[in-house]
Amino acid sequence: MPNLDKFDLAILKCLQEDARATNVEIAEKVNLSPSPCLRRIRNLEKAGVIRGYRADIDRKEVGLGLTVFVELKVAHHSRENAQAQEAALLAIPEVVSCFLISGTADFLAEVVVEDLAAYERLLTDTLLTLPNVSDIRSNFAIRSMKTHGALKLPEPK
């Protein structure tokens with residue numbers, strides 16, 4: 001992890017609040033001149049701290065009304081099987097986030113689709129055909145209260 005100072009953390013906070021803010025606006029908020037501010041932003045991007053910028057789209061407004069949390073258990077545990085499973089899950093566009101977890105399942109995937117019929121198609125045509133899957137459990141979100149929340153950044157040292 002790069003050594004983030006108070007300016008880096010302030011820049012990250014500003015970008016989480018509004019990723020479309022101009023460099024001049026960010027520089028003003030964090031008490032830097034524009035050139036050093038832009039240099040810091042570029043360094044944060046280069047270091048992988050800032051992975052990208054994207055629009056926060058309302059799922060329901062674009063017709064994606066169903067969020068499903070899918071637990072997948074892998075039959076034969078090995079590094080190769082885990083990597084194959086990971087690659088297969090990452091290739092599914094409906095999977096918006098995915099985690100390797102401990103507990104009763106091995107992977108937890110957040111799936112966003114239009115409706116129950118769309119999830120059924122995804123389940124039967126794609127998820128059940130993934131390599132080495134021994135069990136799948138689906139948990140349906142009833143209501144979303146917070147998605148894509150800002151990270152609580154550490155205090156500067």
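Okay, so let's go over this structure. Here the structure is a predicted model, which is why all the values come from computation and not from measurement.

## Description of the packing of helix 1 (residues 6-17) against helix 3 (residues 34-46)
Piece 1. Where helix 1 contacts helix 3, the two axes come as close as 10 Å, and the packing angle between them is 80°. As summarised for this structure, helix 1 and helix 3 are arranged roughly perpendicular, according to the angle between their axes. Contacts between helix 1 and helix 3 involve F7, D8, I11 and L12 on the former and, on the latter, C37, R40, I41 and L44.
Piece 2. Tallied by class, residues from the contact of helix 1 with helix 3 come to six nonpolar, no polar and two charged.

## Quick look at unusual backbone geometry
Piece 1. Unlike most non-glycine residues, N31 shows phi in positive territory, near 60°.
Piece 2. When you line up the elements, N31 lands in the loop between helix 2 (23-30) and helix 3.
Piece 3. Of note in this structure, N132 is not a glycine but carries a positive phi near 60°.
Piece 4. Examined against the element boundaries, N132 turns out to sit in the loop between helix 5 (116-125) and strand 4 (133-140).
Piece 5. Taking relative accessible area as the criterion, N132 reaches 28% and is therefore assigned partly exposed.

## Here's the deal with the side chain of N23
Piece 1. Turning to its location among the elements, N23 is positioned in helix 2.
Piece 2. Setting aside chain neighbours within four positions, we find N23 in contact with P34, C37, L38 and I41.

## Side note on the side chain of D106
Piece 1. Relative to the assigned elements, D106 resides in the loop between strand 2 (95-100) and strand 3 (107-113).
Piece 2. Buried within the structure, D106 lacks any salt-bridge partner; its nearest side chain of opposite charge belongs to K73, at an N-O separation of 4.7 Å.
Piece 3. Beyond its immediate stretch of four places on either side in the chain, D106 contacts L72, K73, V74, H77, F99, L100 and I101.

About the criteria used
Residues numbered from 1 in each chain as written. Predicted model: local features only at pLDDT ≥ 70, side-chain atom pairs only at ≥ 80, totals over all residues. Heavy atoms only, no water. Axes fitted to C-alpha atoms, helices over the stretch in contact; angles between N-to-C directions. Helix = DSSP H or I, 4+ residues; strand = E, 2+ residues; numbered from the N terminus. Parallel < 35°, antiparallel > 145°, perpendicular 65-115°, else oblique. Contact = heavy atoms within 4.5 Å. Nonpolar A, V, L, I, M, F, W, Y, C, P; charged D, E, K, R; others polar. Buried < 20%, exposed > 50% of the residue type's maximum accessible area, 1.4 Å probe, protein only. Lys, Arg positive; Asp, Glu negative; His and termini not counted. Salt bridge = Lys/Arg side-chain N within 4 Å of Asp/Glu carboxyl O.

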